[in-house]
Amino acid sequence: SQKIEQNSEALNIQEGKTATLTCNYTNYSPAYLQWYRQDPGRGPVFLLLIRENEKEKRKERLKVTFDTTLKQSLFHITASQPADSATYLCARVGAGSYQLTFGKGTKLSVIP
Amino acid sequence: SQTIHQWPATLVQPVGSPLSLECTVEGTSNPNLYWYRQAAGRGLQLLFYSVGIGQISSEVPQNLSASRPQDRQFILSSKKLLLSDSGFYLCAWEQQGSYEQYFGPGTRLTVT
């Protein structure tokens, strides 16, 4: 089965620093990797999607990379703020598939 | 703009009772629709998806069922709830081919 793992359950970071979250996958490379933000008691919110043939994608303070050699995606938040504190979920999907496979998430806490 | 609604927000039901959760989407047509469950400490688990009216695919065997009576309505049901059905149920929609999923606010179900 296609697995996706977010190695860190929790990450604490000082305000203003860059937060880096890691997502690793097994077996064949997914066609797409996605990152979502989830606040307590709320549904996930879509942030970024990166395709297999893309190395990097940016959106404002967010940056996602996709390394098919390492089978890894990194998610960066630059100039982190306390409002960025949330759980971040990584998800994979294969081309033509309807199934997103989610990691368990990394809880990010940005300390003022 | 598109919006997704789920109700009820919270539900407490006894074991053996029936269940009906409803999800509706506004502002789009012919979306793919999804039901997920998120149990405490676990990742999002895909339960059902639908690519059109009356078309339902199940990802895991369980005592739950889903129906799509209208283009933008998705219903999750059970005839007899089990304790293990407790969890946070999330509906999501996706513009076909986009691979970006947008989640509703969720329903917190507690089976007692």
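Residues numbered from 1 in each chain as written. Chains lettered and ligands numbered in written order. Predicted model: local features only at pLDDT ≥ 70, side-chain atom pairs only at ≥ 80, totals over all residues. Heavy atoms only, no water.

(A) The arrangement of unusual backbone geometry in detail. All names here are of chain B. P8 follows W7 through a cis peptide bond whose omega is 0°. Among the structural elements, P8 can be located in the loop between β1 (3-7) and β2 (10-13). Even without glycine at this site, N30 takes up a positive phi of about 50°. Position of N30 among the secondary structure elements: in the loop between β3 (19-26) and β4 (32-38). (Helix = DSSP H or I, 4+ residues; strand = E, 2+ residues; numbered from the N terminus.)

(B) Representation of the pattern of salt bridges within the structure. All names here are of chain B. The tally for this structure, following the rule as stated, stands at 6 salt bridges over all chains. Across the pair R37 and D85 runs a salt bridge, and its minimum N-O distance is 3.7 Å. On the criterion of sequence distance, the pair formed by R37 in strand β4 and D85 in the loop between β8 (73-78) and β9 (87-94) is long-range, its members being 48 residues apart. You'll find R37 and D85 in the same group, each marked buried. Across the pair R68 and D71 runs a salt bridge whose closest N-O atoms are separated by 3.2 Å. The exposure class of R68 is buried, given its relative accessible area of 3%. (Salt bridge = Lys/Arg side-chain N within 4 Å of Asp/Glu carboxyl O. Buried < 20%, exposed > 50% of the residue type's maximum accessible area, 1.4 Å probe, protein only.)

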